[in-house]
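An overview of the molecular structure
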Amino acid sequence: KQILPHLAVDPPFVEMFLNEGRIAARLSHPNLCPVFELGSDRGELYLVMEYLDGVPWDALSAAMPRDPRGLALTAGVLAQACEGLHYAHTFRDVHGTLIPIVHRDVSPQNLFVSADGVCRMLDFGVSKIASDRRRTGTGLLKGKLPYMAPEQIHGELADPRADIWAVGVMLWEALTGERLFDRDTDFLTYQAILSAPIPSVNAASTRYPPSVDHVIARALGRD
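The present account deals with the structure reproduced in this document.

Definitions and cut-offs
- Position numbers for residues count from 1 along each chain, tracking the sequence in the order it is written.
- Reporting in this predicted model follows two pLDDT cut-offs: at least 70 for local features of residues, and 80 or more for side-chain atom pairs to be given and counted; totals over whole chains, interfaces and linings ignore these cut-offs and use all residues.
- Water and hydrogen atoms were dropped before computing side-chain values, which therefore reflect all heavy atoms in the structure.
- Pairs of strands are assigned from DSSP output, requiring at least two bridges between the strands.
- Runs of E in the DSSP output that reach at least two residues are strands. Runs of H or I that reach at least four are helices, and both are numbered from the N terminus.
- Structural elements are reduced to axes, namely lines fitted to C-alpha atoms, with helices fitted over the stretch in contact, and the angle between N-to-C directions of any two is expressed from 0 to 180 degrees.
- Contacts between residues were defined by any pair of non-hydrogen atoms, one from each residue, lying within 4.5 Å.
- One less than the residue count of a helix, multiplied by 1.5 Å, gives the span that helix is expected to have.
- A cavity here means a set of points on a 1 Å grid, drawn over the protein atoms and nothing else, where a 1.4 Å probe fits but cannot get out; a pocket is an open set with protein on both sides within 12 Å along at least five of seven lines, and a residue lines either one if it has an atom within 4 Å of a point.
- Grid points are joined across faces, edges and corners, and a volume is the space filled by probe spheres set on the points.
- In this classification, Asp, Glu, Lys and Arg are treated as charged, Ala, Val, Leu, Ile, Met, Phe, Trp, Tyr, Cys and Pro as nonpolar, and every other residue, Gly included, as polar.
- Buried, partly exposed and exposed residues are distinguished by accessible area as a fraction of the type maximum, computed with a 1.4 Å probe on protein chains only: under 20%, between the cut-offs, and over 50%, respectively.
- Under the pairing criterion, centres of Phe, Tyr and Trp rings, with the six-membered ring standing for Trp, must be within 6.5 Å; the plane angle then separates stacked pairs below 30 degrees from edge-to-face pairs above 60, leaving the rest tilted.
- The directions from the helix axis to the C-beta atoms form the arc being described.

1. Description of the sheet that holds strand β6 (residues 119–121)
One open sheet accounts for three strands, arranged β3-β5-β6; its pairing is antiparallel. A strand with exactly one partner marks an edge of an open sheet, and here the two such strands are β3 (54–56) and β6. Strand-to-strand twist of the sheet, defined as the mean angle between neighbouring strand axes without regard to direction, takes the value 25 degrees. Relative to β6, strand β5 (residues 111–114) runs antiparallel, the two being bridged by three bridges. Bridge pairing in β6 links V113 to C119. Each of β5 and β6 touches helix α3 (residues 68–89); the most contacted strand, β6, lies at about 40 degrees to it.

As structure tokens, this is what we get:
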């Protein structure tokens, strides 16, 4: 993955890239895409990651049926994503010290399903160790807006629950084929994330077990 050359001469970006690339390089789990190497070559920054043969989750979820078969597929994929995230959220260093790592950019574009059916979470490039209380620069939000948790919108420190929120949004969207919080403007998207009601996945017709709504409601609890 090659980084745009103009960013390679931006010292704050280079520091962020190297620091957060090192975080990603620590992680080793079947449901996370590994980072093999990061560095600079002739003035350009790069990450070396595993080559994956398959499709991103946004393409797969858009094509699948909205019925029990789609539910089975979605549960299988997102459960694997949760396994990878749980590993990061409960990560310990070589001394056994707990250092939770929060992805902060969980979205359909960062989830990849390989041809062998294994789901891998991509791009821990905006990840953060939960104990690191340094904030992102004023006015800069990391992550894809429609999948951000309310605390991220407010500029508060994101912990593992922010990643769980994003998985809840993806679950709702995969089962309905619609977008949950995406609106015409960023402001309206902010408002939707903070206060819009969460419709049942069975709003149009009864297709899924009621327990699915309970799972989504827990993932998308705003408090």
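Once you've had a look at it, read on.
2. As for helix α5 (residues 160–176)
For α5, spanning 17 residues, the distance from its first C-alpha to its last is 25 Å, which sits close to the expected 24 Å at 1.5 Å a residue. Following α5 by one or two positions, G177 has its phi on the positive side, about 75 degrees.

3. Topic: empty space enclosed by the protein
In total, this model carries two cavities of 30 Å³ or more according to the counting rule given. If you add up the space inside the largest cavity, you get close to 80 Å³. Residue lining of the largest cavity: 13 residues in total, with A24, L32, C33, P34 and F124 positioned closest to the centre. Each residue belonging to the lining of the largest cavity can be placed in one class, and the counts come to ten nonpolar, two polar and one charged. The calculated volume of the second largest cavity comes to roughly 50 Å³. Around the second largest cavity, the lining residues are R104, D105, V106, S107, K144, Y147, M148, Q152, A162, D163 and A166. With three residues, α5 is the single largest residue contributor to the lining of the second largest cavity. A per-class count over the lining of the second largest cavity returns five nonpolar, two polar and four charged.

4. What about unusual backbone geometry?
Positive phi, close to 75 degrees, is recorded for R104, a residue that is not glycine. One can find R104 in the loop between β4 (101–102) and β5. You can call R104 buried: its relative accessible area is 14%.

5. Here we look at the packing of aromatic side chains
Per the counting criterion, the structure on display carries two aromatic pairs. Pairing Y87 with F91 gives two aromatic rings, centres 5.9 Å apart and planes at 75 degrees, and the pair type is edge-to-face. Judged by relative accessible area, which is 10%, F91 ranks as buried. When the ring of W165 is compared with that of F181, the centres are 5.7 Å apart and the planes differ by 10 degrees; the resulting orientation is stacked. Of this pair, W165 sits in helix α5 while F181 is found in the loop between α5 and α6 (186–195), placing the two residues 16 residues apart along the sequence. Of the two residues, W165 and F181, neither departs from the other in class, the shared state being buried.

6. Some details on helix α7 (residues 210–219)
When α7 is considered as a whole, its buried residues turn out to be V212, I216 and A219. Each buried residue of α7 sits inside an arc of 60 degrees when the element is viewed along its axis, so together they form one side. Residues of α7 that are exposed and point more than 90 degrees away from the buried face comprise P210, H214 and R218. In this structure, the buried side of α7 is in contact with α3 and α5.

These figures come from the coordinates and say nothing about function on their own.
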